[in-house]
Amino acid sequence: AFKYETVDYLLKPITPKEVMKAVEKAKRMKNSHFSLKRLKTLLKKDDSDTLRISTSEAISLLQKSEIVRIEGDGAYATIHLADGESEMVSQSIGKLENKINNPSFLRIHTSHLINQQYLRKYIKEDGGYALMKDGVKVPVSRRKKELIKF
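Now for a look at the structure at hand. On a predicted model such as this, the values are computed, not experimentally measured, just so you know. (Residues numbered from 1 in each chain as written. Predicted model: local features only at pLDDT ≥ 70, side-chain atom pairs only at ≥ 80, totals over all residues. Heavy atoms only, no water.)

Strand order in this open sheet of 3 strands is β8-β9-β10, and the pairing throughout is antiparallel. Bordering the open sheet on either side are β8 (119-123) and β10 (137-139), each of which pairs with just one other strand. Pairwise comparison of adjacent strand axes, ignoring direction, gives a mean angle of 25° for this sheet. In the sheet, β8 pairs with strand β9 (residues 129-132) via 4 bridges, with the strands oriented antiparallel. By the bridge assignment for β9, tyrosine 122 is matched with alanine 130. (Pairing = 2+ DSSP bridges. Helix = DSSP H or I, 4+ residues; strand = E, 2+ residues; numbered from the N terminus. Axes fitted to C-alpha atoms, helices over the stretch in contact; angles between N-to-C directions.)

This paragraph deals with the nonpolar core. Residues Leu51, Ile53, Ile67, Ile70, Ile79, Leu96 and Ile100 are the most contacted members of the largest nonpolar core, which totals 14 residues. Of all the elements in the fold, those that place two or more residues in this core are β1 (50-54), β3 (67-73), β4 (76-81) and α2 (93-100). Residues in contact with leucine 96, not counting those within four places in the same chain, are Leu51, Ile53, Ile70, Ala77, Ile79, Val89 and Gln91. Ranked by size, the runner-up nonpolar core spans 11 residues in total, among them Val68, Met132, Val140 and Ile148. (Core = buried A, V, L, I, M, F, W, Y, C linked by side-chain atoms within 4.5 Å. Buried < 20%, exposed > 50% of the residue type's maximum accessible area, 1.4 Å probe, protein only. Contact = heavy atoms within 4.5 Å.)

So this is what it looks like as structure tokens:
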């Protein structure tokens, strides 16, 4: 029964009432299956402008252009958005970098990925850091300094 995804089963002797009940159950299952299938399709949709993330509270679709920077901390990362909001996710910064796959984003440090659209300037003092448009100073590793170009 599980192998063929059966909805219901009838035992002999079969009555018309049981058949009608089984048909109605199959119709309800088909309609709910269609809705679930559509929802899954929408959630899996690969849109190059959005990033789908899962948090403990919800599944969110973020516009990549609204992501200012991502700060990694081991198996977790915090995504900072242009509106000042942030989302903590249980994904590494490397995994998020692969999901974003956009040349506007630069991995300037082991634990920092920035969106160049929000980069104000590169400051050479204190080992070097990127000053973002939201005023946050993001450290730049020595080996990654050449990635920042204006």
